[in-house]
Every structure is written in C-alpha cells, then in structure tokens.
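Listed here are the chains, written in short residue letters.
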Amino acid sequence: MDGDGKADLVVYAPYDVWATFSNGRTLSAKIKIANGYGRSQTWGNNDYHVRGIGDFNNDGKMDVIGYSCCNVSNTISMGR
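In this report, we go over the structure that sits alongside the text. None of these values were measured; they are calculated from a predicted model.

Further remarks concern the sheet that holds strand β2 (residues 16-20). Backbone-to-backbone hydrogen bonds pair the strands of a sheet. The strands run either parallel or antiparallel. Taken together, three strands build an open sheet; the order of strands is β1-β2-β3 and the sheet is antiparallel. Each edge of the open sheet is held by one strand with a lone partner, namely β1 (9-12) and β3 (31-35). For this sheet, the mean angle separating the axes of adjacent strands, direction not counted, is 25°. Bridging between β2 and β3 involves four bridges; their strand directions are antiparallel.

Below you can see the structure in the form of structure tokens.
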C-alpha cells in the first residue's frame, strides 16, 4: 500500500477501508484509508460490487477502486 515493498493488509469493513502497514516484522495500528466501499454503502455483494486496490495514478502508492452496477468510484492515495 505505501510503496515500501513490504506486504501490508487492507480490510474492507462495513463502512470504510482500513489498512495496517508492515515494517517487515510487525504491522502498524490500523488507519482508515478511505471512506465508503463498505457493505453499508451498497458494496455488499462481491459478485456485483467489485472493490480492489492498485496504483492507478502511477505514484507508487496503492489506491482504492470500486465498480458497481451503476458507477466506478476511486480514492487516490496521498501517502500514509
């Protein structure tokens, strides 16, 4: 997620998207990285509402994207 080459963890919670960052040995405390994308915001059915992460603006940091039946939503990372 943060571009340091270490595996981080992303969780799509009922209301928001959270991440915890690895330093190679341990994970940081969780931080909210995006509002929305949860089941409570109509992202409940993974067959029809696909969410993912990727570097969509080529800055080396992972961004959040969601596809639904009616639109595409994205949140661009500004860093940790």
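Now that the structure has been shown, the text picks up again.
Read across the open sheet, the three strands follow the order β4-β5-β6; overall the sheet is antiparallel. The sheet is open, and its two borders are formed by β4 (50-54) and β6 (72-75), each paired with just one other strand. Recorded for the sheet is a direction-independent mean angle of 15° between the axes of neighbouring strands. Across five bridges, β4 lies against strand β5 (residues 63-67) in antiparallel orientation. Across the sheet, the residue bridging to Ile53 is Val64, located in β5.

Parameters and conventions
Residues numbered from 1 in each chain as written. Predicted model: local features only at pLDDT ≥ 70, side-chain atom pairs only at ≥ 80, totals over all residues. Heavy atoms only, no water. Pairing = 2+ DSSP bridges. Helix = DSSP H or I, 4+ residues; strand = E, 2+ residues; numbered from the N terminus. Axes fitted to C-alpha atoms, helices over the stretch in contact; angles between N-to-C directions.

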